[in-house]
Amino acid sequence: MRAIAVSEYGATPAPMNLPRPEPGPGEIVVKMIAAGLNPLDWKIAEGMLKDSVDAPFPLILGQDGAGVVDAVGEGVTRLRHGEQVYGSFLGVERGLGSYAEYAVARDEGPVTRIPEGMIYTQAAAVPTAGMTALAMVEEAGIEKAAVDAGLTVLVVGATGGVGQCVVQLASRAGAKVIATARADMAGTVRRLGADETVDHSQGDLNGQVLKIQSDGIDVVLDMVSDTRSTEHIAQLLRPGGTYITTTWSVHPDSMESKGLRGVNFEYEPSAELLDRLSALIDAGELRVRVERELPLEKAADALADNRAGGARGKTVLRV
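Reference entry: report on the structure contained in this document. The shown structure was predicted, so the numbers you read here are calculated from the model rather than taken from an experiment. (Residues numbered from 1 in each chain as written. Predicted model: local features only at pLDDT ≥ 70, side-chain atom pairs only at ≥ 80, totals over all residues. Heavy atoms only, no water.)

Thoughts on helix H10 (residues 271–282)
In this model H10 runs 16 Å from its N-terminal to its C-terminal C-alpha over twelve residues, within 8% of the 16 Å that 1.5 Å per residue would give. Restricting attention to buried positions, one finds in H10 the residues Ala-271, Leu-273, Leu-274, Leu-277, Ser-278, Leu-280 and Ile-281. Count one or two residues on from H10 and you reach Gly-284, which has phi positive near 75 degrees. (Helix = DSSP H or I, 4+ residues; strand = E, 2+ residues; numbered from the N terminus. Expected span 1.5 Å × (residues − 1). Buried < 20%, exposed > 50% of the residue type's maximum accessible area, 1.4 Å probe, protein only.)

Some words on the packing of helix H1 (residues 39–46) against helix H11 (residues 299–308)
Two elements in contact, H1 and H11, have axes separated by 9 Å at closest approach and are oriented at 105 degrees. With respect to their mutual orientation, H1 and H11 come out roughly perpendicular. Across from Pro-39, Asp-41, Trp-42 and Glu-46 in H1, the residues of H11 making contact are Leu-303, Asn-306 and Arg-307. In terms of residue class, the contact of H1 with H11 is made up of three nonpolar, one polar and three charged. (Axes fitted to C-alpha atoms, helices over the stretch in contact; angles between N-to-C directions. Parallel < 35°, antiparallel > 145°, perpendicular 65-115°, else oblique. Contact = heavy atoms within 4.5 Å. Nonpolar A, V, L, I, M, F, W, Y, C, P; charged D, E, K, R; others polar.)

Describing the packing of aromatic side chains
Following the criterion strictly, the structure yields two aromatic pairs and no others. For the ring pair Phe-265 and Tyr-267, a centre distance of 6.3 Å and an interplane angle of 10 degrees mean the geometry is stacked. Geometry around Tyr-102 places Arg-20 over its ring, the cationic atom sitting 4.3 Å from the centre. In this structure, Lys-43 packs its charged tip against the face of Trp-42, placed 5.7 Å from the ring centre. (Phe/Tyr/Trp six-rings, centres within 6.5 Å; stacked < 30°, edge-to-face > 60°. Lys NZ or Arg CZ within 6 Å of the ring centre and 35° of its normal.)

Details of the pairing of strand S7 (residues 102–106)
Burial analysis of S7 places four of its five residues in the buried class, the great majority of the element. Where strand S3 (residues 27–36) lies against S7, five bridges are found, and the strand directions are antiparallel. In the strand pairing of S7, Lys-31 is matched with Tyr-102. (Pairing = 2+ DSSP bridges.)

Quick notes on the side chain of Thr-132
Secondary-structure assignment places Thr-132 in helix H3 (residues 127–139). Note on Thr-132: relative accessible area 8%, which makes it buried. Those residues in contact with Thr-132 that lie beyond four places of it in its chain are Val-162, Thr-246, Phe-265 and Tyr-267.

Spelled out as structure tokens, the structure:
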């Protein structure tokens, strides 16, 4: 089968012809139609997991994808042959991933049926971005506190896949949302639910935020900042405020000493989370913006572009 893989950590991702995987007990094999690109994909290719996972090579890249169940293993009960599904297919320990004609997933894992009316390329963009955003918003307690407390949320990295979902979910919960976005994306982010936007390329971010919200912020949800930037932005938090980051740039003990809560965020992907995302999508309350679609063979270029930063939505590879 066609696949995009690396021959070793640090190697350039390249098209390869590799054996089609077979389903083990409790597993499904999905014929992939589209694969979603995430920063984790190029980080794995560069060796992020080399000290924690004994991966075989060639290592197929990719975690998100959408397609049709092509084969089922013994004991599979939830998903059936021929069903349209989407989810996370990452299998680094087996050298498998979603950048391939066929991918493997556990029947009880983070894979579920595609929302009605959603096309494959849209579905492939959802899993990691959507699950991360939903779990972040819940970790921050926004759903419970926003309406009653008049919560103000700053979303840093709002134009990326996760950030765009966070903006929608926080706004849906009733929070006042201030989002970072350059001028060319400000309108898009506002349409997703942001009340105000600030542009980090136009001077001090904190100063811009305080002009909008002079008494500070309750929650920061940050997808991009390094430790130095995080410490600066955290100065915006009101007493008792929360800073949640996917880049692991927070020092929780230091934040606690200042009366703040700092969270280096990670979550457990699951079919239950995906089913909840599907319900939001079906209700028209969440959408993931696909910035561009490329053929699978362009994966290396797409990964390099993503690594350079400045995402304006999700990139999807057509398999």
